[in-house]
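Listed here are the chains, written in short residue letters.
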Amino acid sequence: MVGKALRAALRALGRHATSLPGKVALRLSPGLISKSLSGLPEGVVFVTGTNGKTTTTSVLTALLRAQGLRVLTNASGSNMRQGIATEILNRSTLGGRLDADIAVLEVDEAVAATLAPEVHPRLAIVLNVHRDQLDRYGEVDTTAGLLAKVAAATTGPVIFDIDERSVAGIAAGLPSEQAVFFRSRTIPAAPPDADEISDAPTGGPVPQAAPVVQLLSHRDEQAVFRLGEQQVTVPLHLQASYQVADATAAVAALYELLGDRVDTEGMSRALAQVHPAFGRGEAFSVSGGTIYVVLVKNPHSFNTVLRQRDYDVTQVMLAMNSEYADGRDISWIWDVHMDAFRPAGVSVSSGGRSYDVALRLYYDDIPLGRVVPDLEAGVRAFAHGLSADHPGIIFCNYTSMLAIRPVLQRLAAVQGGPDEH
Amino acid sequence: MSTERELHILHLYPVEMSTYGDTGNILALVSRARAHGFVPRVDRLTADCTELPEQVDVVVGGGGQDSGQLRIEAALGRLADRFRALTEDGAPMLLICGMYQLFGNSYVTGEGTTMRGIGVLDVDTKAGVGRRSDDICVDSPEFGRLLGYENHSGITVLGEGTPALGTVVYGSGNGSEDGTEGARFHNLIGTYIHGPILPKNPAVTDWLIRTAAQRRYGVLPDPVPVPEYTEGARAQAWEQLVRAHPEFRMNRH
C-alpha cells in the first residue's frame, strides 16, 4: 500500500505529462491500477485498437461528463500501465479513493491484453487492427489476438464498427449478445486499397447482426443517429470519415452504458464542443504563414489523412525518426501513397531518417527541395521558405513531433490547440 | 520496329506478400532499369495465376505474414517447375523473407504447420523462439556492405553446397550459429533484409538489372551513378544501428 504522504508527493510530481510517478507507484504497489479502479461505482471502459483511440476516448469522455458523470480518463500518449497509474494518482484523494464515477481509458493493444483480465472492464470499444509498429508486436494477426483477449475479459458489451473487417473475426468469436455493432457509413464502402488488403487476414465474415447505433445521415454538420428505436439529431463538426466513425463508436458506448436514460440534450451539448483541426493537427502561425503539424504513425493513418484533401498547392515537410517510440523500422514509409505530393513536391525532409524519405521520394519521381537532417534546422528552413498564400504542413512521427513542437512554439504564438484535449 | 528494349519485372503475390514496404524494391528496379536505358514493365503475379507471363527478366518477391504465406503456398507450388527452369536459365531473382523461405524446401511455422516450399533453393526453415526485429548489416563478397532491417522468426539452414549471400556484421540473418545471411544459387538471391533492401543497396539493384540485360539482350550496360541520396541513407542507417546498440559499438574494438 502506498502511504498517504508518498501518494501526495507522487501526485505533485505527476501533475504534468510524465509517467514517472506511475512507474514508482507500480513498483511499490503492482496491483495499484486494478485495486483503484475496482472502487469505481460505474466501472471501467477500455478503448483500444490501432487508430482512433484518442478521438474516441475524448468524445466518450465528453459525452459522459455531459450526462453528469465524473469521468477518469487518460491523455493521449499515456496509454501504457505507467501512464494510466499516473492518471489514477492525479485523481486520487489523499485517502486513496478515486474522485470519479467511471473510467474511460485509451489502452495500448498489448497492455490492454494483460490489463483487461485484471481490471474486468464492463465495456470495451475495439476499433480496428491496422499495421502499426509491426516491429514491436510482430504481425497484424498477433495484434488481433491481443484484442481478442481484451474482448474475452470484458464483462459486458464489446463494441465494433460493423463495416470494419479487420476486427470482424474478433466479434465473431464472442457470444452474439456480447458483440454490439454500430454503423457510421451512410454510403456504401469504397473498395479497399492495398494497405487495407494486406490487413485483411485478420478479418472475418461480415457480421449478420444489426447495428444497435447507426448514423443515418450527416449533412451540414448535423448528424442523425438512431439509438435503438429512437432518432436523435445532434451537431457533428467532424468531417473525416475515420473521425465520424470514432464519434459513432463513442455514441454507441454511451447508449450501451445508459440505454434509454441518455439525456439527448446533454449529448447534443457535448458533441457541439468536438471540433476537428487539420487531421489531428495543431496549427502554429509563424511570420511566413500557418504551419500545421500532423502526427502520422503508420501507413494507414498517413494514407487516411492523405485521402482527406488535395495537396497540389500545399507546402509539405516530412520529418521522420526511427527511435524506439516511433517503431525502429522505417520501411513503412514505402507503403504510404506519397504520389499525393507529386504536383507540389516536398519542400523539406528532416529527421534521423531524412535520407530514407528522400530516397522514397526520389524513386517515386516526387520532387524534393532540401534534406536537412537536424529537426530544428529543418523546421526553421521550412518556416523561412513558407509562402503566405498556402498553408504549410509538417507530417511527422512521434519523436520528431516532440522535437518540432518546441521549435514552432518559439517561432510563433500557438494559434489553436489540438481538437481532442 | 522496336528500338525500345523492355525489361519485364515479375512481382510475386504483391497482395499477400508485401507487408514490410517491399514494394519499394519494385520502385527502385523500375527507376534503375530506366536509368540503364531500358523500358521497365511490371507484371503482378496473383494467387489465381496458373502460368507465368511470356517474358520474365527479373523476379521479386517480398515478405508476408504466416497467414499470407499459407494462402499462396499452393499457388506457388503449381508454378514450381517454371521457377526452377527460370532459375537454371539464369534469370535474376530477389526473394525476401517469406518468399526466400517458400523457395526453399520447407518452412515450419511457429504453430507447427509445415509449409512445403518449391525446393528451388536447398534451404530449410523453422520458426525459432521469439521474433527477430532489428537493424541488420551484412557483408557480401559480391555486393559489399548491405544495410537494412530484419523482421522474422525463421531460422534457415543452408543445404550443403548452397553459399550464403554474406556474413552478418550485426543482426541475426539466417539465425543459425554460423553467422550467415541469405542464400545464393545461380542468379537467385534469398535474403531476410527488408528496409526495403534495394533503395539503400543499389549494388544489388544494379546487379539484378545488368544480369537481366545480359541474359535478355546479350549486352552488359554501362554502370550508371547511384542517386545522390543513397550515401546519406546508408550513413543514417548505420548511425541509427550504432546508436540503438551501444554494446555493438563496444564490441567492434
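Looking now at the packing of helix α4 (residues 53-66) of chain A against helix α11 (residues 241-258) of chain A. Residue and element names in this part refer to chain A. Where α4 meets α11, the closest approach of the two axes is 8 Å, and the angle between their N-to-C directions is 40 degrees. If you check the angle between α4 and α11, you find them oblique. Handedness of the α4/α11 crossing: right-handed. Each of Thr55, Thr56, Val59, Leu60, Leu63 and Leu64 in α4 lies in contact with α11, whose residues at this interface are Asp246, Ala247, Ala249, Ala250, Val251, Ala253, Leu254 and Leu257. When grouped by side-chain class, the residues that make up the contact of α4 with α11 number eleven nonpolar, two polar and one charged.

Turning to the pairing of strand β7 (residues 123-140) of chain B, a few remarks are in order. All names here are of chain B. Examined bridge by bridge, strand β5 (residues 106-108) and β7 share three bridges and lie parallel to one another. Residue serine 106 lies in a different strand from β7, and its bridge partner there is aspartate 124. Two strands pair when backbone bridges link them, and β7 and strand β8 (residues 144-158) are joined in this way by 14 bridges, in the antiparallel orientation. Across the sheet, serine 140 pairs through a bridge with glycine 144, a residue of β8. In textbook terms, the turn of a hairpin is the stretch between consecutive antiparallel strands, and for β7 and β8 this stretch comprises three residues. With three bridges joining them, β7 and strand β9 (residues 166-170) adopt antiparallel strand pairing.

Turning our attention to the interface of chain A and chain B. Each partner contributes to the interface: chain A provides 33 residues, whereas chain B provides 39 residues. Across the chain A to chain B interface the summed buried area is about 3,000 Å²; carbon plus sulfur atoms make up 51%. When the area that chain A buries against chain B is broken down by residue, the three leading residues are A:Arg328, A:Trp334 and A:Tyr363, summing to 24%. Where chain A touches chain B, the interface holds five salt bridges. A salt bridge links A:Asp365 to B:Arg34, with the nearest nitrogen and oxygen atoms 3.9 Å apart. One can count 13 residue pairs in polar contact (both at pLDDT 80 or more) joining chain A with chain B. For the side of chain A that touches chain B, the elements supplying multiple residues, two or more each, are α7 (134-137), α8 (140-153), α10 (194-199), α14 (354-362) and β14 (368-372) of chain A. With seven residues, α14(A) is the largest single contributor of residues to the side of chain A that touches chain B.

Let us look at the pattern of salt bridges. Per the stated rule, a full pass over the model turns up 27 salt bridges over all chains. A:Arg81 serves as the salt-bridge partner of A:Glu118, at 2.9 Å between the closest nitrogen and oxygen. Residue A:Glu118 is found in helix α6 (residues 109-119), and its partner A:Arg81 is found in helix α5 (residues 81-90); the two are separated by 37 residues along the sequence. Under the relative-accessibility criterion, A:Glu118 is labelled partly exposed at 36%. For the salt bridge of A:Glu376 with A:Arg380, the shortest nitrogen-to-oxygen distance reads 3.2 Å. Of this pair, A:Glu376 and A:Arg380 both sit in helix α15 (residues 375-384), four residues apart, which is roughly one turn of that helix. Since its relative accessible area comes to 38%, A:Arg380 is described here as partly exposed. Connected through salt bridges with shared partners, the residues A:Arg328, B:Arg132, B:Asp134, B:Asp135 and B:Glu150 form a single ionic network.

Rules used in this analysis
Residues numbered from 1 in each chain as written. Chains lettered and ligands numbered in written order. Predicted model: local features only at pLDDT ≥ 70, side-chain atom pairs only at ≥ 80, totals over all residues. Heavy atoms only, no water. Axes fitted to C-alpha atoms, helices over the stretch in contact; angles between N-to-C directions. Helix = DSSP H or I, 4+ residues; strand = E, 2+ residues; numbered from the N terminus. Parallel < 35°, antiparallel > 145°, perpendicular 65-115°, else oblique. Left-handed = near helix turned anticlockwise from the far one by under 90°. Contact = heavy atoms within 4.5 Å. Nonpolar A, V, L, I, M, F, W, Y, C, P; charged D, E, K, R; others polar. Pairing = 2+ DSSP bridges. Buried area = accessible area lost by both parts, 1.4 Å probe. Salt bridge = Lys/Arg side-chain N within 4 Å of Asp/Glu carboxyl O. Polar contact = N/O pair within 3.5 Å; in protein donor to acceptor, adjacent residues only side chain to side chain. Buried < 20%, exposed > 50% of the residue type's maximum accessible area, 1.4 Å probe, protein only.

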